[in-house]
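Now for the letters of each chain:
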Amino acid sequence: MSATSYGRQKIVDDLTGVAAYAPPALYLSAHTADPGAAGSHASEVSGSGYARVPLAGVMGAADSSGISINTSVITFGPATADWGTITHFGIEDASSGGNMLCPGVPTMPRTITTGQPLQIPVGQLRLRLT
């Protein structure tokens, strides 16, 4: 996952001592289009049973190559109306609104219709900053 422009700014400012940055609780968001380098929320699923999922306690410690994977199933929904095709995810700094820190692309997009949850099985969410 590449950091958004907001995420890069926060990391660089912290590393150079310009401004300390300690990320707050992180959340996973689902999107029907690419949020881009700016981390736009324009294509984030909204309403209809959708809520961002907290990542606290879901992700394992990063391994020696810097990859952290989910250690439990991540579940959005179920959808109370069609969500469309989920083509991107985002790591967010708030449960709603806020700032996207990193966007990412799933291995396979998934169309979510009424009554379906969106689930990410154990080991299928792999986070690594590049």
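Use the structure listed above.
Residues numbered from 1 in each chain as written. Predicted model: local features only at pLDDT ≥ 70, side-chain atom pairs only at ≥ 80, totals over all residues. Heavy atoms only, no water.

Participant: Looking at this structure, how should I read the overall build of the protein chain?
Facilitator: Within the protein chain one finds 1 helix and 10 strands. Across the protein chain, helices and strands are ordered from the amino to the carboxyl terminus as α-β-β-β-β-β-β-β-β-β-β. On the principal axes, the C-alpha backbone points of the protein chain span a range of 50 × 30 × 20 Å. For the protein chain, long-range pairs separated by at least 24 residues make up 71% of all intrachain contacts whose partners lie at least 6 apart in sequence. With 6 positive and 8 negative side-chain charges, the protein chain shows a spacing of 5 Å between the two charge centroids. (Helix = DSSP H or I, 4+ residues; strand = E, 2+ residues; numbered from the N terminus. Contact = heavy atoms within 4.5 Å. Lys, Arg positive; Asp, Glu negative; His and termini not counted. Charge placed at Lys NZ, Arg CZ, Asp CG, Glu CD.)

Participant: How should I be thinking about the nonpolar core in this particular structure?
Facilitator: With 24 residues, the main nonpolar core has Leu 28, Ile 74 and Phe 76 as its most contacted residues. Once residues lying within four places of it in the same chain are set aside, the contact partners of Phe 76 are Leu 28, Ser 29, Ala 30, Tyr 50, Ala 51, Arg 52, Val 53, Trp 83, Phe 89, Pro 117 and Leu 118. (Core = buried A, V, L, I, M, F, W, Y, C linked by side-chain atoms within 4.5 Å. Buried < 20%, exposed > 50% of the residue type's maximum accessible area, 1.4 Å probe, protein only.)

Participant: It is not clear to me how unusual backbone geometry should be interpreted in this structure. Could you clarify?
Facilitator: Glycine aside, a negative phi is what most residues show, and trans is what most peptide bonds show. The linkage connecting Gly 77 with the following residue, Pro 78, adopts the cis geometry, with an omega of 25°. Among the structural elements, Pro 78 can be located in the loop between β4 (74-76) and β5 (84-86). The phi torsion at Ser 48 lies on the positive side, around 55°, for a residue other than glycine. Along the polypeptide, Ser 48 turns up in the loop between β1 (27-31) and β2 (53-54). Using a relative accessible area of 28% as the deciding quantity, one classes Ser 48 as partly exposed.

Participant: Looking at this structure, how should I read the environment of Ile 86?
Facilitator: The residue Ile 86 is located in strand β5 in this model. When the C-alpha atoms of Ile 86 and Leu 118 are compared, they prove to be 8.9 Å apart, with 32 residues separating the residues in sequence. Not counting chain neighbours up to four residues away, the residues in contact with Ile 86 comprise Ala 30, His 31, Thr 32, Val 45, Pro 106, Pro 109, Arg 110, Ile 112 and Leu 118.

Participant: Before we go on, may I ask you to explain the sheet that holds β2 in this structure?
Facilitator: Where strands meet in a sheet, backbone hydrogen bonds hold them as pairs that are either parallel or antiparallel. Pairing is antiparallel across the open sheet formed by 4 strands, whose spatial order is β2-β1-β6-β7. Only two strands of the sheet have a single neighbouring strand rather than two, namely β2 and β7 (100-104). As defined by bridge partners, β1 adjoins β2 across 2 bridges and the pair is classed as antiparallel. Looking at β2, one finds that Leu 28 is bridged to Val 53. (Pairing = 2+ DSSP bridges.)

Participant: Would you take a moment to explain the packing of aromatic side chains for this structure?
Facilitator: Two measures describe an aromatic ring pair: the distance that separates the ring centres and the angle between the ring planes. What the rule picks out here adds up to 3 aromatic pairs. Seen from their ring centres, Tyr 50 and Trp 83 are 5.7 Å apart, and the 90° between their planes marks the pair as edge-to-face. Taken together, the positions of Tyr 50 in the loop between β1 and β2 and Trp 83 in the loop between β4 and β5 put the pair 33 residues apart, joining distant regions of the chain. When its relative accessible area of 13% is taken as the criterion, Tyr 50 is described as buried. Since its relative accessible area comes to 7%, Trp 83 is described here as buried. On the basis of an interplanar angle of 25° and a centroid distance of 6.3 Å, the ring pair of Phe 76 and Phe 89 is categorised as stacked. Placement of Phe 76 in strand β4 and of Phe 89 in strand β6 (residues 88-92) is noted, with a sequence separation of 13 residues between them. Each member of the pair, Phe 76 as well as Phe 89, carries the same accessibility label: buried. Each member of the aromatic cluster is reached from another via a ring pair, and the members are Tyr 50, Phe 76, Trp 83 and Phe 89. (Phe/Tyr/Trp six-rings, centres within 6.5 Å; stacked < 30°, edge-to-face > 60°.)

Function cannot be read off these values alone, since they describe shape.
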